[in-house]
Amino acid sequence: MHFLSADLQHYAEAHSQAEPPLLAALSRETHLRVLQPRMLSGLLQGRLLSLLSKLLSPSYIVEIGTFTGYATLCLAEGLPPEGVLHTIEANEEYQPIQDKYFQQSPYHSQIVQHFAPALEVLPSLPDGIELVFIDADKKNYLNYLEAILPKMRPGGVILSDNVLWSGKVVEAVKDNDKHTQILMEYNQRLATDPRLETVLLPIRDGISLARVKG
Ligand SMILES: C[S@@+](CC[C@H](N)C(=O)[O-])C[C@H]1O[C@@H](n2cnc3c(N)ncnc32)[C@H](O)[C@@H]1O
């Protein structure tokens, strides 16, 4: 869900950095060939991810939920030359399109792709993560937070997507709506965990920015 009107969305996009041609091509191909293309971060959120990554200049990034790799390439824009980005995707069907676009990117040698459930991969990753983008199955958001927090470098940043869940987090929650219940618990945890400083940005479907205190 987009909380901005179409006009305001277009205005914000028109007054933000232009989408790099490789990302425009990836977005086009995802919309033409892949089911559920709206999972892709898109221009405005992608430029936000890129800019945050450039501001932080992280040597070590982790993305949970690669899909076709749009956000991966946005986050990679902030990597210094020796930096590395691990991205985790459970569905191997997305590998050919990821490979096609990662290979054309100047960051291809810095991107490490994993194809397995993220909770199986995360324990094998080294400590010292500086930037994380959590954007996979919502039922595991709290588990992802538990898995990554001990691996974060002090001052590191955790970005979490879809935290407003189409506005359901402020509506009456049905007993069987586990995703909304977990996201509400997750947002509460981000806001109150003494190890974190959090701001929830109402951009697109809601993206939280949490800094791990030093
Ligand atoms: C919203 S999409 C990611 C979009 C991508 N980050 C972007 O912005 O372009 C979520 C992805 O998480 C993947 N996923 C779901 N459950 C997963 C799991 N347990 N481990 C790893 N990936 C998972 C899905 O297959 C899907 O491709």
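On a predicted model such as this, the values are computed, not experimentally measured, just so you know. The residue numbers shown here count from 1 along each chain, following its written sequence. In view of the model being predicted, local features appear only for residues whose pLDDT reaches at least 70, and side-chain atom pairs are presented and counted only at 80 or more, with totals across whole chains, interfaces and linings using the full set of residues. Excluded from the side-chain calculations are hydrogens and water; all other atoms, namely the structure's heavy atoms, are used.

## Digging into the sheet that holds strand β3 (residues 111-115)
Phase 1 of the analysis: What the 7 strands build is an open sheet, ordered β3-β2-β1-β4-β5-β7-β6; its pairing is mixed. Looking at the sheet topology across the chains shown, the edges are occupied by β3 and β6 (196-201). The sheet shows a mean angle of 15° between the axes of neighbouring strands, taken without regard to direction.
Phase 2 of the analysis: Paired strands are those between which DSSP finds at least two bridges. Under the scheme used here, helices are H or I runs from DSSP no shorter than 4 residues and strands are E runs no shorter than 2 residues, and both carry numbers assigned from the N terminus. As paired elements, strand β2 (residues 84-89) and β3 share 5 bridges and run parallel to each other. From the neighbouring strand, threonine 87 faces β3, where its bridge partner is glutamine 113.
Phase 3 of the analysis: Residues are treated as being in contact if the distance between any of their heavy atoms lies within 4.5 Å. Think of each axis as a best-fit line through the C-alpha atoms, taken over the contacting stretch in the case of a helix, with angles from 0 to 180 degrees between the N-to-C directions. The strands that helix α8 (residues 178-192) touches are β4 (129-134), β5 (152-161), β6 and β7 (207-212); relative to β6, the one it contacts most, it runs at about 130°.

## What about the packing of aromatic side chains?
Phase 1 of the analysis: For Phe, Tyr and Trp, rings pair up if their centres lie within 6.5 Å, where Trp contributes its six-membered ring, and each pair is then called stacked (planes under 30 degrees apart), edge-to-face (over 60) or tilted (otherwise). Applying the stated rule across the entire model yields 2 aromatic pairs.
Phase 2 of the analysis: A ring pair is formed by phenylalanine 67 and tyrosine 94, whose centres lie 4.9 Å apart and whose planes are at 80°; its orientation type is edge-to-face. Residue phenylalanine 67 is located in the loop between β1 (60-64) and α4 (70-76), and its partner tyrosine 94 is located in the loop between β2 and α5 (95-103); the two are separated by 27 residues in the primary sequence. Summarising the burial analysis for this pair, phenylalanine 67 and tyrosine 94 share the class buried.
Phase 3 of the analysis: With a centroid separation of 5.1 Å and an interplanar angle of 70°, the aromatic rings of tyrosine 141 and tyrosine 186 are classed as edge-to-face. Taken together, the residues tyrosine 141 in helix α7 (residues 141-148) and tyrosine 186 in helix α8 connect sequence positions 45 residues apart. Like tyrosine 141, the residue tyrosine 186 is buried in the burial classification. For every residue, the accessible area obtained with a 1.4 Å probe (protein chains only) is divided by the maximum for its type, and the residue is called buried under 20%, exposed over 50%, and partly exposed between those limits.

## Considerations on the site of the ligand
Phase 1 of the analysis: Surveying the vicinity of the ligand reveals 21 residues, the closest of which are Ser41, Gly65, Glu89, Ala118 and Asp135.
Phase 2 of the analysis: Polar contacts, as counted here, are pairs of nitrogen or oxygen atoms within 3.5 Å of one another; within protein the pair requires one atom able to donate a hydrogen and one able to accept it, and residues that are adjacent in sequence qualify only if both atoms are side-chain atoms. At a separation of 2.6 Å, an oxygen atom of the ligand approaches a polar side-chain atom of glutamate 89.
Phase 3 of the analysis: Aspartate 137 has a polar side-chain atom sitting 3.3 Å from a nitrogen atom of the ligand.
Phase 4 of the analysis: For the ligand, whose free accessible area comes to 610 Å², the fraction covered by protein is 88%.
Phase 5 of the analysis: Cavities and pockets were defined on a 1 Å grid built over protein atoms only: a cavity is a set of grid points that admits a 1.4 Å probe from which the probe cannot escape, a pocket is an open set flanked by protein on both sides within 12 Å along at least five of seven lines, and lining residues are those with an atom within 4 Å of any such point. For a molecule to be placed in a cavity or pocket, more than half of its atoms must lie within 2 Å of the grid points of that cavity or pocket. The pocket occupied by the ligand, as judged from atoms lying within 2 Å of grid points, is the largest pocket.
Phase 6 of the analysis: At the level of elements, α4 and β2 are the ones that each hand at least two residues to the shell around the ligand.
Phase 7 of the analysis: Any residue outside Ala, Val, Leu, Ile, Met, Phe, Trp, Tyr, Cys, Pro, Asp, Glu, Lys and Arg is labelled polar, Gly included; the first ten of those are nonpolar and the last four are charged. Of the residues belonging to the shell around the ligand, the class tally is 14 nonpolar, 3 polar and 4 charged. Think of it this way: one heavy atom of a residue within 4 Å of a molecule or strand is enough to make that residue near it. With residues, only the protein chains shown are counted as cover, and all accessible areas are computed by Shrake-Rupley using a 1.4 Å probe.

## Examining α7
Phase 1 of the analysis: Among all positions in α7, only Tyr141, Leu142, Tyr144, Leu145 and Ile148 are buried. For α7, the buried positions fall inside an angular range of 160° around the axis, keeping them on one side.
Phase 2 of the analysis: Looking at the buried residues of α7, the elements they touch are β1, α6 (118-121), β4, β5 and α8. Arc, as used here, means the arc of the directions from the helix axis to the C-beta atoms.

## Section: unusual backbone geometry
Phase 1 of the analysis: Phi at serine 57 takes a positive value of approximately 45°, unusual for a residue other than glycine.
Phase 2 of the analysis: Tracing the backbone through its elements, the reader meets serine 57 in the loop between α3 (43-56) and β1.
Phase 3 of the analysis: With relative accessibility at 36%, the residue serine 57 sits in the partly exposed group.
Phase 4 of the analysis: In this structure, tryptophan 165 is a non-glycine residue whose phi angle is positive, near 45°.
Phase 5 of the analysis: Its place among the elements puts tryptophan 165 in the loop between β5 and α8.

## Remarks on the side chain of arginine 47
Phase 1 of the analysis: Take arginine 47: it is sitting in helix α3.
Phase 2 of the analysis: Apart from the residues lying within four places of it in its own chain, the contact partners of arginine 47 are Gln17, Ala18, Pro20, Leu23, Cys74 and Glu77.

## Here we look at the layout of surface pockets
Phase 1 of the analysis: Grid points are joined across faces, edges and corners, and a volume is the space filled by probe spheres set on the points. In this model, the largest pocket occupies a volume close to 1000 Å³.
Phase 2 of the analysis: Contributing to the lining of the largest pocket are 49 residues, with Arg38, Met39, Asp135, Lys138 and Asn162 lying nearest its centre.
Phase 3 of the analysis: Mapped onto the lining of the largest pocket, the elements with two or more residues apiece are α1 (6-14), α2 (21-33), α3, β1, α4, β2 and α6.
Phase 4 of the analysis: The greatest single-element share of the lining of the largest pocket, amounting to 3 residues, is contributed by α3.
Phase 5 of the analysis: Of the residues belonging to the lining of the largest pocket, the class tally is 20 nonpolar, 17 polar and 12 charged.

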